[in-house]
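# A structural walkthrough
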Amino acid sequence: MKAFYSTRYVLPLPAGHRFPMHKYGRLHERLSAELPAVEQRQAEPADDAMLARVHAPAYIAAVASGSIDPKALREIGFPWSEAMVERSRRSVGATVAAARLARSEGIAANLAGGTHHASADKGGGFCVFNDIAVAARTLQHDALSAGQAPPRVAVIDLDVHQGNGTASIFAADDSVFTLSVHGERNFPFRKEPGDLDVGLPDGTGDADYLDALDLALVELDARFRPDFVFYLAGADPHEGDRLGRLKLTLGGLRRRDERVLAWAWQRRVPLALAMGGGYGHDIDTTVQVQLGTFAVALAHWQRWQRWQNASP
């Protein structure tokens, strides 16, 4: 299974900054040591033309040049630097590459991504550009360029925070279905309505979460037939997360991942995986959640390969 990564994901931040940037390097190292069947490839940056399939050209230019308004930068939560711009471009490029590869291999992944708080003309919540939205638009662009029908895309967003940016980008687009299962009282405090939003109370544990997810997947199935799925597998619903406020265990999160990957497999819908948030009191626990997600994805990727090899 292929996954995209870059050392440029790790952005130098001021001392005391609350974003756990080092989690990306730790996930990279643990995958290399413990799941070597996940082949890590270099993430290339998205260029302006690719970003402009979703984002306003003036916003792209302001981010690239550093002329972005200080208030807008505070909403993003990272200080501006060329390294910040490069990191943001590579995070998008990685999800685009994973999506393109998943079309033929069934599943591929980004070790980062899931920047779902970025809307067309602004960022927020540690998200500069919306990688899933750009990748969805790029798949549709690729199909149209090849004279094919553009794929219908489902976004299954299981970060603990609602994907407000993704919902706003696709609000008037019937070709993309956005599903978000999140903490109702958590950030963002002003939610953008998606196609299916499931807000959960603080303290929700494994059983209630998985019941809610099962019902959401049934409703998704009844309302939409995707040709492609983006799965945002946030680690932040974990009970040890600083910002999550839900109470899922490691086992519960693994069962969550299994449900989503099995749902896509049963319908033979290719899937691209992004990591989303994770802010554990112990960052190694966050990485352990993510490692579990990759283990589930790898097993389903292997199932895809067996099925494809057996097909006449």
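As shown above, the structure is provided for reference.
This write-up is about the structure you can find in this document. Note that this is a predicted model, so its numbers are computed, not measured. (Residues numbered from 1 in each chain as written. Predicted model: local features only at pLDDT ≥ 70, side-chain atom pairs only at ≥ 80, totals over all residues. Heavy atoms only, no water.)

As a further point, take the overall build of the protein. Helix and strand counts for the protein come out as 10 helices and eight strands. Computed over C-alpha atoms, the radius of gyration of the protein comes to 18 Å, within 12% of the 20 Å expected from 2.2 N^0.38 for 312 residues, which places it in the range of a compact globule. Here the C-alpha coordinates of the protein stretch approximately 55 × 50 × 40 Å along the principal axes. Taking all 312 residues of the protein together, the buried fraction comes to 58%. For the protein, long-range pairs separated by at least 24 residues make up 75% of all intrachain contacts whose partners lie at least 6 apart in sequence. A total accessible area of about 12,500 Å² is found for the protein, and carbon and sulfur atoms account for 52% of it. (Helix = DSSP H or I, 4+ residues; strand = E, 2+ residues; numbered from the N terminus. Rg over C-alpha atoms; globule rule 2.2 N^0.38 Å. Buried < 20%, exposed > 50% of the residue type's maximum accessible area, 1.4 Å probe, protein only. Contact = heavy atoms within 4.5 Å. Areas by Shrake-Rupley, 256 points an atom, 1.4 Å probe, with all protein chains shown as cover.)

Counted according to the given criterion, the structure contains 15 aromatic pairs. Aromatic pair Phe126 and Tyr279: ring centres 6.4 Å apart, planes at 40°, arrangement tilted. Of this pair, Phe126 sits in the loop between strand 3 (107-110) and helix 6 (131-145) while Tyr279 sits in the loop between strand 8 (271-274) and helix 10 (283-310), placing them 153 residues apart in sequence. Residue Tyr279 is classed as buried on the basis of its relative accessible area of 8%. Where Phe177 meets Phe224, the ring centres are 5.5 Å apart and the plane angle is 35°; that geometry is what we call tilted. On the criterion of sequence distance, the pair formed by Phe177 in strand 5 (residues 176-183) and Phe224 in the loop between helix 8 (206-223) and strand 7 (228-232) is long-range, its members being 47 residues apart. Here the two residues Phe177 and Phe224 agree in accessibility, since each one is buried. (Phe/Tyr/Trp six-rings, centres within 6.5 Å; stacked < 30°, edge-to-face > 60°.)

Within the element layout of this structure, Phe129 appears in the loop between strand 3 and helix 6. Under the relative-accessibility criterion, Phe129 is labelled buried at 2%. Setting aside anything within four residues of it in sequence, one finds Phe129 in contact with Leu51, His55, Tyr59, Ile60, Val63, Ser88, Val92, Thr115 and Ala118.

With that settled, the discussion passes to the sheet that holds strand 8. Across the sheet, which stays open at both edges, the eight strands sit in the order 2-1-3-8-7-4-5-6 with parallel pairing between neighbours. Each end of this open sheet is capped by a strand with a single partner; those strands are strand 2 (39-42) and strand 6 (196-200). Going across the sheet, the axis of each strand differs from the next one's by a mean of 15°, ignoring polarity. For strand 4 (residues 153-157) and strand 5, the ladder comprises five bridges, and the chain directions are parallel. Within the sheet, the bridge partner assigned to Ala154 lies in strand 5 and is Phe177. (Pairing = 2+ DSSP bridges. Axes fitted to C-alpha atoms, helices over the stretch in contact; angles between N-to-C directions.)

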